[in-house]
Amino acid sequence: MKTLKIIKIGGNIIDDKEALHSFLKEFASIDGLKLLVHGGGKSTTKLANQMQVEVKMIDGRRITDAETLDVITMVYAGKINKNIVAQLQASNCNAIGFSGADGNAIVSEKRPIKTIDYGFVGDVKKVNTNALEIILNNAITPVFCAITHDGNGQLLNTNADTIASALAIDLSNIFNTELYYCFEKNGVLVDVNNNDSVIEHINSQTYQELKSKGIIYEGMLPKIDNCFHAITHNVNKVCIGKPEMLFNAKTKYTAITK
């Protein structure tokens, strides 16, 4: 079974042109099968302000009304996605940009309203592994933005971490999948102000302890929940850290294990 590396990059890398360019050159050099998932960065808020579209946030999460979805689609599936694909082509990495609607790659359903109406936000339901298998086995690298669809013509804003996890899980039936969450920190930290305080291994037991002590909290919780969902559903390897963990064996990072 071939190994497939699924790599998710966050907004802080996308917001820094030099960091993104450097990352993509190194990503292009990775041997074997690979797939990239990217978030949106600050460009969405900037464009929304220029278009006089109100940015609505609740508990750090964006509310996606119809106008906001238009802006997100322009930025995620348009500007950012195509810029990444063009830079990969320049580094001799043949890539195709995807939203979930392209090739019917990822079908989601609109998140039901409980206490908060998040608007046009999608929860992943199905990945079209057959189409992706053909693309990957023809030495083409898929580049996914954080937009999916519901199968009925409606695009949906979908968490990029969740997309990466869903792709890794569903493709694990075909490939030996490895999932890497890359962001600006060296990994999960004991002290958020000390980038050297990396917790190098987290399993389900230590995760509960770290949560109870308040070491892991807020925005890091859904990211690690996605990690555990993946590692308990046949994904072979799950790591969190700086992009350097992909290219330098001496780089510290956090490995998630059962």
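Residues numbered from 1 in each chain as written. Predicted model: local features only at pLDDT ≥ 70, side-chain atom pairs only at ≥ 80, totals over all residues. Heavy atoms only, no water.

Colleague: Help me understand helix α5 (residues 129–137) in this model?
Modeller: For α5, the complete set of buried residues consists of Thr-129, Leu-132, Ile-135 and Leu-136. Around the axis of α5, the buried residues are gathered within 125 degrees of arc, so they sit on the same side. Opposite the buried face of α5, at more than 90 degrees from it, the exposed residues are Asn-130 and Ile-134. For α5, the elements touching its buried residues are β1 (3–9), β2 (33–38), β5 (95–98), β7 (122–127), β8 (141–144) and α6 (160–171). (Buried < 20%, exposed > 50% of the residue type's maximum accessible area, 1.4 Å probe, protein only. Helix = DSSP H or I, 4+ residues; strand = E, 2+ residues; numbered from the N terminus. Arc of directions from axis to C-beta. Contact = heavy atoms within 4.5 Å.)

Colleague: Teacher, can you tell me more about the packing of aromatic side chains here?
Modeller: The relation between two aromatic rings is expressed through the spacing of the ring centres and the mutual angle of the planes. This model, assessed by the stated rule, comprises four aromatic pairs. Taking the centre distance of 5.1 Å and the plane angle of 20 degrees together, the rings of Tyr-207 and Phe-228 count as stacked. You can see Tyr-207 sitting in helix α7 (residues 204–212) and its partner Phe-228 sitting in helix α8 (residues 220–231), a full 21 residues away along the chain. The buried category is assigned to Tyr-207, whose relative accessible area is 4%. The ring of Tyr-207 carries Lys-211 above its face, with NZ or CZ at 4.6 Å from the centroid. In this arrangement the basic side chain of Lys-223 is found over the ring face of Phe-183, its NZ or CZ atom lying 5.6 Å from the centre. (Phe/Tyr/Trp six-rings, centres within 6.5 Å; stacked < 30°, edge-to-face > 60°. Lys NZ or Arg CZ within 6 Å of the ring centre and 35° of its normal.)

Colleague: I'm lost on the sheet that holds β1 in this one. Help?
Modeller: Each strand in a sheet pairs with another by means of backbone hydrogen bonds, the pair being arranged parallel or else antiparallel. Pairing in this open sheet of eight strands is mixed, and the strands run β5-β8-β2-β1-β11-β13-β14-β12 from one edge to the other. Looking at strand neighbours, the two that pair on one side only are β5 and β12 (201–202), the edges of this open sheet. Its contacts with the sheet place helix α2 (residues 17–28) against β1, β2 and β8, and it is angled at close to 160 degrees to β2. Contacts from helix α4 (residues 66–90) reach β2, β5 and β8 within the one sheet, and its direction differs from that of β5 by about 170 degrees. (Pairing = 2+ DSSP bridges. Axes fitted to C-alpha atoms, helices over the stretch in contact; angles between N-to-C directions.)

Colleague: Help me understand the pattern of salt bridges in this model?
Modeller: Side-chain pairs of opposite charge can arise where the charged atoms are in close proximity. Evaluation of the coordinates by the stated rule reveals seven salt bridges. The shortest N-O distance in the salt bridge between Lys-8 and Asp-161 comes to 3.0 Å. Residue Lys-8 is found in strand β1, and its partner Asp-161 is found in helix α6; the two are separated by 153 residues along the sequence. For Lys-8, a relative accessible area of 9% puts it in the buried group. Residue class for Asp-161 comes out buried when judged on its relative accessible area of 9%. The salt bridge involving Asp-161 is made with Lys-223; its shortest N-O contact spans 3.0 Å. Within this pair, whereas Asp-161 is found in helix α6, its partner Lys-223 is found in helix α8, the two being separated by 62 residues in sequence. Here Asp-161 and Lys-223 have matching classes, each one buried. Put simply, Lys-8, Asp-161 and Lys-223 are held in one network by salt bridges that share partners. (Salt bridge = Lys/Arg side-chain N within 4 Å of Asp/Glu carboxyl O.)

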